[in-house]
Amino acid sequence: MASALDDPALQRHFKGHKDAVTCVDFSPDSKQLASSSADACVMIWNFKPQSRAYKYPGHKEAVTCVQFSPSGHLVASSSKDRTVRLWAPNIKGESTVLKAHTAVVRCVNFSSDGQTFITASDDKSIKAWNLHRQRFLFSLTQHTNWVRCARFSPDGRLIASCSDDKTVRIWDLTNRLCINTFVDYKGHSNYVDFNQMGTCVASAGADSTVKVWDIRMNKLLQHYQVHNAGVSSLSFHPSGNYLLTASSDGTLKILDLLEGRLIYTLHGHQGPVLSVTFSKSGDQFASGATDAQVLVWKTNFDKYSVKEIVKLQQKRTCPEAPPHLNDIYPRTPHLHSSSGHSIEINPMCEVADTQTFDPPIINVGANLPYCRRALGFGRILRRGRTLAKSRNESWIWRIPTFF
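Everything quoted here is computed from the prediction, not taken from an experiment.

Scoring rules and cut-offs
Residues numbered from 1 in each chain as written. Predicted model: local features only at pLDDT ≥ 70, side-chain atom pairs only at ≥ 80, totals over all residues. Heavy atoms only, no water. Helix = DSSP H or I, 4+ residues; strand = E, 2+ residues; numbered from the N terminus. Buried < 20%, exposed > 50% of the residue type's maximum accessible area, 1.4 Å probe, protein only. Areas by Shrake-Rupley, 256 points an atom, 1.4 Å probe, with all protein chains shown as cover. Pairing = 2+ DSSP bridges. Axes fitted to C-alpha atoms, helices over the stretch in contact; angles between N-to-C directions. Core = buried A, V, L, I, M, F, W, Y, C linked by side-chain atoms within 4.5 Å. Contact = heavy atoms within 4.5 Å. UniProt positions renumbered as here; feature names shortened; annotations may be inferred. Salt bridge = Lys/Arg side-chain N within 4 Å of Asp/Glu carboxyl O. pLDDT = per-residue confidence, 0-100. Polar contact = N/O pair within 3.5 Å; in protein donor to acceptor, adjacent residues only side chain to side chain.

This part covers the overall build of the chain. Of the regular secondary structure elements, the chain holds three helices and 31 strands. Of all 403 residues assigned to the chain, the portion counted as buried reaches 61%. Of the roughly 17100 Å² that the chain leaves accessible, carbon and sulfur atoms contribute 49%.

Have a look at this one:
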């Protein structure tokens, strides 16, 4: 029997939001974690012991998405107030506002080089923006309903998007055209993302399914029916071998993509889980839910090779021989179900006290008028030029204040 220490383990939990946590994202160096919430705030959590957390008010309505820039010097957030904000993730916390869409902004995502970011909205469009010149670039408008999510491919040449029109679309940024469309007649997808190689996309279905598509051969590779409610978010492990999913059924699941099966079911949140993400190194992952908590987990299983993981699983369970990626062909999706073989982990039951002391929270800029905070953001960017030049990162600090 494999040791429980081989399994994912709950490391930290953070409390500070007053409403559902809608999105979580690690900083590039994994020293900070950003979270967004329906309480209209963005929070930055620091992993150093005794470090304070920063709470940034500013949005007028629920914040739907948050992401660090590739350099880690900026955090972008999108909101139901139809705006995108750029924050300096420090104790100053100044922000600048971009009036991005005519409806709710569901998603914001940076390209890997940090030069561009995209936004997805209920106005049925995806918009691309130049970060350095604060300039709108173009719109992608072939979706016929709300756009839930849009993500860059790792090389920045493609965009994947999902919409309430029940399609997942792949866009070529060279000609700004939709080059592929995957249709799911049973329901729409809530989230979509590329694997690390940029060869596959995975979609999180409102009909409780998870699907993995090969965008080179235009075919469905894997189809998982392992949740009991809609899947709200997913994240590929940096190795590309595992997929982490979150669902309204209150659980997180870890799928082994090479073996095509569910290996872990994680409990810990009280209520629907809305967001999950792996750290850039893959040794941690975080989750946010309607219980207003942010949980940070240690992967543990990542220290083993794929073959060792499979061997460990065979000691615990005796599932049928799983299919491989290449065994599944277009229009004949092989359904992967949980079949009761996953390893159930509930840290709240197994450990007497998993809750560390909540960090003190600094409510940044709550009493300052917006104009002062915006001007402060301009000042901090100018002060940052000298530091950034010494780090050969001057481009990120030449952003003038929006509007």
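Here we take up the pairing of strand β19 (residues 200-205). Most of β19 sits inside the fold, with six of its six residues counted as buried. Side chains C200, A202 and A204 of β19 all project onto a buried face; the interleaved residues V201, S203 and G205 project onto the opposite face, where all are buried too. As paired elements, strand β18 (residues 189-194) and β19 share five bridges and run antiparallel to each other. Across the sheet, S189 pairs through a bridge with G205, a residue of β19.

Another aspect to go through is the sheet that holds strand β5 (residues 53-57). Taken in spatial order, the five strands line up as β2-β3-β4-β5-β31 in an open sheet, and their pairing is mixed. If you trace the sheet from one side to the other, it starts and ends with β2 (21-26) and β31 (361-363), each paired once. Neighbour-to-neighbour, the strand axes of the sheet open up by a mean angle of 20°, direction not taken into account. Two strands pair when backbone bridges link them, and β2 and strand β3 (residues 32-37) are joined in this way by five bridges, in the antiparallel orientation. Residue pairing in the sheet places V24 in a bridge with S35 of β3.

The next subject is the nonpolar core. Ranked by internal contacts, the top residues of the largest apolar core, which has 69 residues, are F117, I159, V201, L243 and L255. Dropping the residues within four chain positions of it, L243 is found in contact with A202, V210, V212, L234, S235, F236, K253, I254, L255 and L257. In this structure, Y264, V276, L295 and I345 belong to the second largest nonpolar core, which totals 19 residues.

Residues annotated by UniProt as "repeat: WD" (unreviewed entry) correspond here to residues 14-55, 56-87, 98-139, 140-181, 182-223, 224-265 and 266-298. Helix makes up 0% of residues 56-87 and strand 56%. Its end C-alpha atoms lie 9 Å apart. Here residues 266-298 runs as 0% helix and 58% strand, with 12 Å between its end C-alpha atoms.

A few words now on the pattern of salt bridges. One pass over the full model with this rule turns up eight salt bridges. Notably, a salt bridge pairs D25 with K280, separated by 3.9 Å at the nearest N-O pair. Here D25, found in strand β2, pairs with K280, found in the loop between β26 (273-278) and β27 (284-289); they are 255 residues apart in sequence, far enough to count as distant. Taking the relative accessible area as the measure of exposure, D25 reaches 9% and is therefore buried. According to the relative accessible area criterion, K280 is partly exposed, its value standing at 44%. Between D122 and R106 there is a salt bridge, with its nearest N and O atoms 2.8 Å apart. On the criterion of sequence distance, the pair formed by D122 in the loop between β11 (116-121) and β12 (126-130) and R106 in strand β10 (residues 105-110) is long-range, its members being 16 residues apart. Using a relative accessible area of 10% as the deciding quantity, one classes D122 as buried.

One rule of thumb: low pLDDT means the predicted coordinates there are not for detailed reading. Overall, the predicted model of the chain reaches an average pLDDT of 83, with 76% of residues at or above 70. Note on residues 317-333: pLDDT is under 50 here. Beyond four places in sequence and across chains, it has 28 contacts. Segment residues 366-403 is flagged for pLDDT under 50; beyond a separation of four residues in sequence, or across chains, it makes 65 contacts in the model.

Moving on: the environment of W171. Here W171 lies in strand β16 (residues 167-172). With a relative accessible area of 1%, W171 lands in the buried category. On a C-alpha basis, the gap between W171 and T181 in space is 9.1 Å, while along the polypeptide they are 10 residues apart. Leave out the neighbours within four places in its chain, and W171 touches I126, L140, T141, Q142, H143, R157, L158, I159, S161, L177 and C178. Within polar-contact distance, the side chain of W171 engages the side chain of S161 at 2.8 Å.

Of all five residues in β5, five are buried; the element is thus mostly enclosed. Burial along β5 is two-sided: A53, K55 and P57 facing one way and Y54 and Y56 facing the other are all buried. In sequence, strand β4 (residues 41-46) turns back onto β5 through a hairpin of six residues, with Q50 there showing a positive phi of about 65°. Pairing between β5 and β31: three bridges, direction parallel. Within the sheet, the bridge partner assigned to Y54 lies in β31 and is I362.

This next bit is on the sheet that holds strand β25 (residues 261-266). If you walk across this open sheet you meet the five strands as β22-β23-β24-β25-β30, and the pairing is mixed. The open sheet has two free edges, formed respectively by β22 (231-236) and β30 (343-345), since each of these has just one partner strand. Pairwise comparison of adjacent strand axes, ignoring direction, gives a mean angle of 20° for this sheet. Alignment of β22 against strand β23 (residues 242-247), held across five bridges, turns out to be antiparallel. Pairing of L234 across the sheet is with T245, part of β23.

To continue, consider the side chain of N300. Looking at the element boundaries, N300 is found in the loop between β28 (293-298) and α1 (306-316). Using a relative accessible area of 17% as the deciding quantity, one classes N300 as buried. There is a polar contact of 2.5 Å between the side chain of N300 and the backbone oxygen of D7.

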